[in-house]
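A look at the structure
The chain contents come next:
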Amino acid sequence: MSSPNDVVITGIGILSSLGEGAEANWNALRNFAGPVLERERFAPYTVHPLPEVDWSLQIAKRGDQRQMEAWQRIGTYTAGLALEDAGIKGDEALCASMDMIVAASGGERDVDVDTMILNKVAEGVDDVGVAINEVLTTELRPTLFLAQLSNLLAGNISIVHKVTGSSRTFMGEEGSGISAVQTAAARIRAGQSTHALVGGAYNAEHPDMLLGYELGHYLSRGGWAPVWEREPVEGGGIVSGSGGAFLVLESREHAEARSAKIYGVLGPVAADQGPVGSPETMKRLERLAAEAGIAETTMIVSSAAGIHARTADEKAFLAAHAPGIPVRGVTSALGHMRDAQFPMAVALAALSLSHGETIPSLGSGFEAAADVPASIGVLTLGFNAAEGMAVVTRAQGAGA
Amino acid sequence: MSYTDHAGRPIIAITGAGVVSSLGAGKDDNWARLTAGQSGIHRIKRFPTEHLRTTIAGTVDFMTPVEAGSAALTYALAEAAAVEAIRESGLSEKEFGGPLFLAAPPVELEWWQRLKLDADGREAGGKEPGYDRLLLAARNGNHLDFYHSAQFGTVGQKLQERLGTRGLPVTLSTACASGATAIQLGVEAIRRGEAERVTSVGTDGSVTAEALVRFSLLSALSTQNDVPEKASKPFSKDRDGFVMAEGAGAFVMESLESAHARGATVLGILEGCGECADDFHRTRSKPDASPAIAAVRAALADAGVSTGDVDYVNAHGTSTPENDKMEYLSLSTVFGDAISSIPISSNKSMIGHTLTAAGAIEAVFSLLAIRTGTLPPTINHANPDPAIPLDVVPNVKREAKVGRVLSNSFGFGGQNTCLVIAAEPA
């Protein structure tokens, strides 16, 4: 049954190693022959690198581009793609009343300045704290801080794309993306918001970002394999990827009133986290699956990270509670984009439904052949505890 | 008795509040010292200040050992404020059972951790100091504690475990408006009927040398180091920047109906929230203050009240030349001539700018103004800025009947969030 406050997806922006824009990424995924990888630059780690991007296409002013670090540029650019796709970009009234929730963690440090400090201290100094102060005060770029601050991705989206209805930034690895979509959708469903921009971005090509994962021994040190088959690969299993995913969510009424194209309908997002032992995880996943209605879908898009214990738990959960439903681990193709994992999975589910085409198996025998799905369950088990699920269904009626 | 507001939504009761600042831990100590006009700003002892332009701050030095670092302090502050709030509400501090909305500062590895990794990397055979060596150390050693301290979800995760909150905690940042946003998210969740009770917490224990340098490079900080307790002087002519500070504030909020049903003491009503983003500049506000004006108006409209219903404004009042001027412009635009007769004070004159925590701490102080009938002063107000003709409750507290407070929070990145807090209707 459709309702005026149904949450519909009307805009998708994707930037990844596979390309730029929702259609280019969809086509690359449809014809997936293998990932685009950078194996040398961060050896022994492999990443899915960003393609060449003409930033000025979505960030017109070079001054604005310079004010951002890579992660903010990726996010601001991808947000622009989503707004354009939804037919909202440049519409002053719609942007000024648009809500925004961005999933963002930290920014990027200046590797040269950090290396300078490490060198200075390694050479021997009287007082380490004083030496750090001296280098930081003389070497840090004055505006770098703004290019690092979590909420300045949203701030840049406001400046560049004029989205100003509200601006909230959620933090916390995959959980931030889950909560961002959950909150934006819940607000629309409850009539607290009519249209919202929600998503996240990540720059994998930075040693400090790799360090964040590797302190927990989460990175693959043996290259790429499909996420379901990383157990034998040396290291922790994660191959991270640069990119981002942004969605425009609207109430059905708002979308239909402006005759927007509707990709799909997003159900309530169920989310939790807790102790990561297998039995506790299984209990939580069962409850979330029931809340979201995952078992009634005909395909599951998973953002499994490929880390050994968590992905093994996910496989066991799917085998027990979604038997016979084909699964696609899309992180195999795109890399792990941390904050953007859940929005990306929702985006790809919506693209599959709107095209009336299935996502092919992405290189793993765990991914059974599939018919064209009628509804898709989206599943994110974060490497760092957070868990989220939702169901995306085909749009019915106007706009479909 | 009606349990719904002017828009037919559940009325939100505040049933618990907690606070920590450089003035002390807990509402009693904080309120006594705040209303006595005492400053918590002091010379920094936590780290060397040679080469730094600003050498003062409102650090909280009584919670965790210095060597525990920022992440541990940020958690300890949040825990203390949340536990105080939950105890006051009479709910369980181990099985709270409602969602957690947490405003927390962005995290990253701290310098002592980077240096330890570099040393470990050298031991492991890494040749040059630098990220390759840090990564080598990470690969070869066990640094799980470092890992956790650099994950953005960690503080929320630990609080969830400690308090028994329900579901996936939301950790958020809207810069200096974060604390107010945490409260706003809690209000919205109750209004949606998702929860009968929530806890909203703002915390910040992130005063480090690097953080000071970063804000200094943006010319945001006061450099009036000579007499630390006099440096923060919101709305004064000689104000020259804010003073970084630490602390935490927390509310327990629930539907008024649920609070009454369990016989809880209602401390106040969270009547409304408003926000509007600014697209002008990364650190500066639109010259016409239109986003701040829109945020104030949105909060009043959300609360269903008019300017004449506001008895006191708890200002953002950072003591930067820019903020205080913009805040005056926004308030005088919204309130018109009446602004000259509404008392407006800035807690930051005493506790400094607690950044991520500020909106939550100042919401707690707004509630205490209502509860006690006392307006905390704006101290250090010796040279009023003639361009800002406000009643800032200069230097000395004032007794007043306060039925309703507007609390402002504005932040870098175009963040503007305002709250309306009121006494429980008789």
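With that settled, the discussion passes to the overall build of chain A. Helix and strand counts for chain A come out as 15 helices and twelve strands. Considering only C-alpha atoms, chain A reaches an extent of 70 × 50 × 35 Å along its principal axes. Expressed as a percentage of contacts within chain A between residues at least 6 apart in sequence, the contacts between residues at least 24 apart total 79%. Carbon and sulfur atoms form 51% of the exposed surface of chain A, whose accessible area is close to 12,300 Å². Distance between charge centres in chain A, computed from 28 positive and 46 negative side chains, equals 4 Å.

It is worth spelling out the overall build of chain B at this point. The helix and strand inventory of chain B stands at 13 helices and 15 strands. On C-alpha atoms alone, chain B measures out to a radius of gyration of 21 Å, which is about the 22 Å that the 2.2 N^0.38 rule sets for 426 residues. Dimensions of chain B, computed from the C-alpha atoms along their principal axes, are close to 70 × 50 × 40 Å. Residues counted as buried form 68% of the 426 residues belonging to chain B. Here chain B displays about 13,800 Å² of accessible surface, and carbon together with sulfur accounts for 51% of that area. Both charge centroids of chain B, one from 38 positive and one from 49 negative side chains, sit 2 Å from each other.

Residues and elements named next belong to chain B. With eight of eight residues buried, strand S15 (residues 415–422) lies mostly within the body of the structure. Burial along S15 is two-sided: the face carrying Gln 415, Thr 417, Leu 419 and Ile 421 and the face carrying Asn 416, Cys 418, Val 420 and Ala 422 are both buried. Here strand S9 (residues 268–275) pairs with S15 via six bridges, running antiparallel. Counterpart to Glu 275 in the pairing with S15 is Thr 417. Note: strand S14 (residues 404–411) against S15, eight bridges, orientation antiparallel. Opposite Asn 408, over in S15, you have Cys 418 as the bridge partner.

Right, let's talk about the confidence of the model for chain B for a bit. Parts of the model with low pLDDT should not have their predicted coordinates read in detail. Residues and elements named next belong to chain B. Summing up the model confidence of chain B, the mean pLDDT is 97 and the portion of residues at 70 or higher is 100%. Mean pLDDT across the elements of chain B bottoms out in helix H5 (residues 144–149) (96) and peaks in strand S8 (residues 247–255) (99). Predicted complex, confidence summary: ipTM 0.98, pTM 0.98.

This next bit is on the nonpolar core. Across soluble globular proteins, nonpolar side chains have a tendency to be buried as a group. One finds Ile 9, Ile 12, Leu 249 and Leu 266 of chain A together with Phe 251, Met 253 and Leu 270 of chain B to be the most contacted residues of the largest nonpolar core, which totals 156 residues. The residue makeup of this core includes at least three contributed by each of domain 1 (12–107 + 151–422) and domain 2 (112–148) of chain B. Here Leu 266 of chain A is in contact with Val 7, Ile 9, Val 181, Ala 185, Arg 189, Leu 249, Val 346, Ala 390, Val 391 and Val 392 of chain A, once residues within four sequence places are set aside.

On to the side chain of Asp 114 of chain A, then. Relative to the assigned elements, Asp 114 of chain A resides in helix H5 (residues 111–123). You can call Asp 114 of chain A buried: its relative accessible area is 2%. There is a polar contact of 2.8 Å between the side chain of Asp 114 of chain A and the side chain of Arg 109 of chain A. Ignoring anything within four residues of it in the chain, the contact list for Asp 114 of chain A reads Arg 109 of chain A together with Trp 111, Arg 114 and Tyr 131 of chain B.

Bringing empty space enclosed by the protein into the picture now. Enumeration according to the criterion identifies three cavities of 30 Å³ or more in this entry. Looking at the largest cavity, it is lined by 18 residues, and the ones nearest its centre are Gly 172 and Gln 273 of chain A together with Gly 153, Leu 168 and Pro 169 of chain B. Counting residues per element, the ones that place at least two in the lining of the largest cavity are strand S4 (168–171) and helix H9 (173–189) of chain A together with helix H6 (154–163) and strand S6 (170–173) of chain B. Here the lining of the largest cavity takes five residues from H9 of chain A, the largest share from any one element. Class assignment for the residues of the lining of the largest cavity results in six nonpolar, ten polar and two charged. Mapped by element, the contributors of at least two residues to the lining of the second largest cavity are H5 and helix H7 (144–148) of chain A together with helix H8 (209–217) of chain B. Tallied by class, residues from the lining of the second largest cavity come to four nonpolar, one polar and five charged.

The next point concerns H9 of chain A. All names here are of chain A. End to end, H9 covers 25 Å across 17 residues, agreeing with the expected 24 Å (1.5 Å per residue, within 8%). Where burial is concerned, most of H9 is hidden: 15 out of the 17 residues are buried. Where H9 ends, the next residue or the one after it, Gly 191, has phi of about 80 degrees, a positive value.

Residues and elements named next belong to chain A. Enumeration over the complete set of coordinates arrives at 49 salt bridges over all chains. With its nearest N and O atoms 3.8 Å apart, the salt bridge here joins Glu 38 to Arg 41. For Lys 261, the salt bridge identified is with Asp 85, shortest N-O distance 3.4 Å. Highlighted residues: Lys 261 in the loop between helix H11 (252–257) and strand S7 (264–266) and Asp 85 in helix H3 (residues 70–85), separated in sequence by 176 residues.

This brings us to the interface of chain B and chain A. Opposite the 67 residues of chain B that make contact, chain A presents 79 residues. Summing both partners gives a buried area of about 6,400 Å² for chain B against chain A, and 63% of it is carried by carbon and sulfur. Its largest share of buried area at the contact with chain A, chain B owes to Tyr 131, Leu 168 and Arg 282 of chain B, together 14% of the area lost on that side. Summed over the shared surface of chain B and chain A, the result is eight salt bridges. Across the pair Arg 168 of chain A and Glu 188 of chain B runs a salt bridge, and its minimum N-O distance is 2.8 Å. Counting the contacts that link chain B with chain A gives 31 residue pairs in polar contact (both at pLDDT 80 or more). Contributing elements (two or more residues each) for the side of chain B that touches chain A: helix H3 (111–123), helix H4 (131–140), H5, H6, S6, helix H7 (178–191) and H8 of chain B.

A few words on the packing of H5 of chain A against H4 of chain B. Taken N-terminus to C-terminus, the directions of H5 of chain A and H4 of chain B make an angle of 80 degrees; their axes are 10 Å apart at the nearest point. Taken together, the axes of H5 of chain A and H4 of chain B lie roughly perpendicular to each other. Across the interface between the two elements, Val 111, Asp 114, Thr 115, Leu 118 and Ala 122 of chain A of H5 of chain A pack against Tyr 131, Arg 133 and Leu 134 of chain B of H4 of chain B. For the contact of H5 of chain A with H4 of chain B, the residue count by class is five nonpolar, one polar and two charged.

Between H5 of chain A and H3 of chain B, whose axes approach to 11 Å, the crossing angle comes to 65 degrees. When you trace H5 of chain A past H3 of chain B, the crossing you get is right-handed. Along the contact surface, H5 of chain A presents Asp 114, Ile 117, Leu 118 and Val 121 of chain A, while H3 of chain B presents Trp 111, Arg 114, Leu 115 and Asp 118 of chain B. Partitioned by chemical class, the residues of the contact of H5 of chain A with H3 of chain B number five nonpolar, no polar and three charged.

Let us now look at the packing of aromatic side chains. Overall, the coordinates contain eleven aromatic pairs over all chains when judged by the stated rule. Arranged with centres 4.7 Å apart and planes meeting at 50 degrees, the rings of Trp 228 of chain A and Phe 366 of chain A form a pair that is tilted. Note that Trp 228 of chain A is positioned in the loop between helix H10 (207–214) and strand S6 (243–251) and Phe 366 of chain A in the loop between helix H15 (341–355) and strand S11 (375–381), a separation of 138 residues in sequence. Geometrically, the ring pair formed by Trp 31 of chain B and Phe 365 of chain B is tilted, given 6.0 Å between the ring centres and 35 degrees between the ring planes. Here Trp 31 of chain B is found in helix H1 (residues 27–35), whereas its partner Phe 365 of chain B is found in helix H13 (residues 358–372), with 334 residues between them in sequence.

The next subject is unusual backbone geometry. Residue and element names in this part refer to chain A. A cis amide bond, omega 10 degrees, links Ala 43 with the succeeding residue Pro 44. Structurally, Pro 44 can be placed in the loop between helix H1 (22–30) and helix H2 (62–66). Unusually for a residue other than glycine, Ala 385 sits at a positive phi of about 95 degrees. Assignment of secondary structure puts Ala 385 in the loop between S11 and strand S12 (387–393). On the basis of relative accessible area, Ala 385 is assigned to the buried category, the value being 3%.

For chain B, the assigned domains are domain 1 (12–107 + 151–422) and domain 2 (112–148). Here the C-alpha centre of domain 2 of chain B lies 38 Å away from the C-alpha centre of domain 1 of chain B.

What counts, and at which threshold
Residues numbered from 1 in each chain as written. Chains lettered and ligands numbered in written order. Predicted model: local features only at pLDDT ≥ 70, side-chain atom pairs only at ≥ 80, totals over all residues. Heavy atoms only, no water. Helix = DSSP H or I, 4+ residues; strand = E, 2+ residues; numbered from the N terminus. Contact = heavy atoms within 4.5 Å. Areas by Shrake-Rupley, 256 points an atom, 1.4 Å probe, with all protein chains shown as cover. Lys, Arg positive; Asp, Glu negative; His and termini not counted. Charge placed at Lys NZ, Arg CZ, Asp CG, Glu CD. Rg over C-alpha atoms; globule rule 2.2 N^0.38 Å. Buried < 20%, exposed > 50% of the residue type's maximum accessible area, 1.4 Å probe, protein only. Pairing = 2+ DSSP bridges. pLDDT = per-residue confidence, 0-100. Core = buried A, V, L, I, M, F, W, Y, C linked by side-chain atoms within 4.5 Å. Domains from an automatic or database assignment. Polar contact = N/O pair within 3.5 Å; in protein donor to acceptor, adjacent residues only side chain to side chain. 1 Å grid on protein atoms, 1.4 Å probe; cavity = no way out; pocket = protein on both sides within 12 Å on 5 of 7 lines; lining within 4 Å. Points joined across faces, edges and corners; volume = space filled by probe spheres on them. Nonpolar A, V, L, I, M, F, W, Y, C, P; charged D, E, K, R; others polar. Expected span 1.5 Å × (residues − 1). Salt bridge = Lys/Arg side-chain N within 4 Å of Asp/Glu carboxyl O. Buried area = accessible area lost by both parts, 1.4 Å probe. Axes fitted to C-alpha atoms, helices over the stretch in contact; angles between N-to-C directions. Parallel < 35°, antiparallel > 145°, perpendicular 65-115°, else oblique. Left-handed = near helix turned anticlockwise from the far one by under 90°. Phe/Tyr/Trp six-rings, centres within 6.5 Å; stacked < 30°, edge-to-face > 60°.

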